[in-house]
Amino acid sequence: MKDEKKITVKSATDNLKTIREFVAEFAKEHGFRDKQISELTLAVDEAATNIIKHAYKFNPEKEIIITASFENNELKITLRDFGEKFDPDKAPLPDIKNSLKLKKGGGLGIYLMRKLTDELVYNLSSPEFNEISLIKRLK
Amino acid sequence: MSEFKIERKEENGVVVLYPQGMLDAHTTPQMESVFEELISGGKYKVAVNLKNLEYISSAGLGVFMAYVETMRENGGDIKFCETPKKIYEVFDLLGFPVLYEFYETEEEAINKFNG
């Protein structure tokens, strides 16, 4: 049976905590272990941070819709935004050594999302919204 | 859930920072202003004691990336100590242990600056 929950939050950084709590609680309800919960929570935080920063350029009044679903041992968190399009394939691989030299932080979000989930799916086909889904399987 | 704050002390010319709570994109500006303040005050030797840090995202890690070179150019560094396992795992995933020094105890981290 499929279980699904949804929240909508404004694109303000102080809502990152709300998003993390929503994800952690949902994952816990479905039997994920603490380590997996931490990994998924961090990955979703990175996705939401990217939306706030890049899609919405720190405008705190925009909406992010987060859907959590669980079916067949697979937990999926989908974040939908209505901001600027973003092509994840164009994001460069992080080169931390070089970033230090350039005195730059950042660029680590997508790498972390890939490392911390079993699957990352972008749906950029709609003209109205962008969607990213982070999938973690119960092992 | 706890608020984020940063306590600090100074010992033997080394500033020890104690970030406490959750360091994410929301609280990162607080960490940045501490580093800005240290740099304008000419303090480049920084040990970050992570024992009370409950959470870190890449936004938080970005602060340490953005400021470490300035510290090193001025005879200092950012060194970490008392890192909880859960926090260390995030640093490790991104390869930080190759580029930064991590110590078990605060004393070791401080002594390394003056040794």
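Read on for a plain summary of the structure.

1. What about the packing of helix α1 (residues 28-40) of chain B against helix α2 (residues 58-73) of chain B?
All names here are of chain B.
And step 1. Packing of α1 against α2 leaves a shortest axis separation of 9 Å and a crossing angle of 10°. Classed by the angle they form, the pair α1 and α2 counts as roughly parallel. Between α1 and α2, the contacting residues are T28, M31, E32, F35, E36 and I39 on the first element and A59, G60, V63, F64, Y67, T70 and M71 on the second.
And step 2. When the residues that make up the contact of α1 with α2 are grouped by side-chain class, the tally is eight nonpolar, three polar and two charged.

2. Brief notes about the environment of A:P88
Residues and elements named next belong to chain A.
And step 1. Along the chain, the position of P88 falls in the loop between β3 (74-81) and α3 (96-101).
And step 2. When its relative accessible area of 5% is taken as the criterion, P88 is described as buried.
And step 3. In this view, P88 contacts I110, R114, Y122 and L124; residues no more than four positions away in its chain are not counted.

3. A closer look at the sheet that holds strand β1 (residues 3-10) of chain A
All names here are of chain A.
And step 1. With antiparallel pairing, five strands are arranged side by side in an open sheet as β1-β2-β3-β5-β4. Each edge of the sheet is formed by a strand with only one pairing partner; in this case those strands are β1 and β4 (119-123). The sheet shows a mean angle of 15° between the axes of neighbouring strands, taken without regard to direction.
And step 2. Bridging between β3 and strand β5 (residues 130-137) involves eight bridges; their strand directions are antiparallel. Residue pairing across strands places L79 opposite I132, the latter belonging to β5.
And step 3. The sheet contacts of helix α1 (residues 16-29) involve β1, β2 (63-71) and β3, and relative to β1 the element is tilted by about 175°.

4. Notes on the interface of chain A and chain B
And step 1. At the interface, 28 residues of chain A touch 27 residues of chain B.
And step 2. Contact with chain B buries surface across chain A, with A:I96, A:L100 and A:K103 losing the most and accounting together for 27% of the total.
And step 3. Note that B:E89 and A:K35 form a salt bridge whose closest N and O atoms lie 3.5 Å from each other.
And step 4. On inspection of chain A and its partner chain B, the count reaches eight residue pairs in polar contact (both at pLDDT 80 or more).
And step 5. Residue assignment for the side of chain A that touches chain B shows that the elements contributing at least two residues are α1, α2 (34-55), α3 and α4 (109-116) of chain A.
And step 6. Broken down by element, the residue count for the side of chain A that touches chain B peaks at seven residues, all from α2(A).

5. With respect to helix α5 (residues 106-114) of chain B
Residues and elements named next belong to chain B.
And step 1. If you check which residues of α5 are buried, you get E106, A109, I110 and F113. Looking straight down α5, one finds its buried side chains confined to an arc of 95°; they lie on one side. Residues of α5 that are exposed and point more than 90 degrees away from the buried face comprise E107 and K112.

Thresholds applied
Residues numbered from 1 in each chain as written. Chains lettered and ligands numbered in written order. Predicted model: local features only at pLDDT ≥ 70, side-chain atom pairs only at ≥ 80, totals over all residues. Heavy atoms only, no water. Axes fitted to C-alpha atoms, helices over the stretch in contact; angles between N-to-C directions. Helix = DSSP H or I, 4+ residues; strand = E, 2+ residues; numbered from the N terminus. Parallel < 35°, antiparallel > 145°, perpendicular 65-115°, else oblique. Contact = heavy atoms within 4.5 Å. Nonpolar A, V, L, I, M, F, W, Y, C, P; charged D, E, K, R; others polar. Buried < 20%, exposed > 50% of the residue type's maximum accessible area, 1.4 Å probe, protein only. Pairing = 2+ DSSP bridges. Buried area = accessible area lost by both parts, 1.4 Å probe. Salt bridge = Lys/Arg side-chain N within 4 Å of Asp/Glu carboxyl O. Polar contact = N/O pair within 3.5 Å; in protein donor to acceptor, adjacent residues only side chain to side chain. Arc of directions from axis to C-beta.

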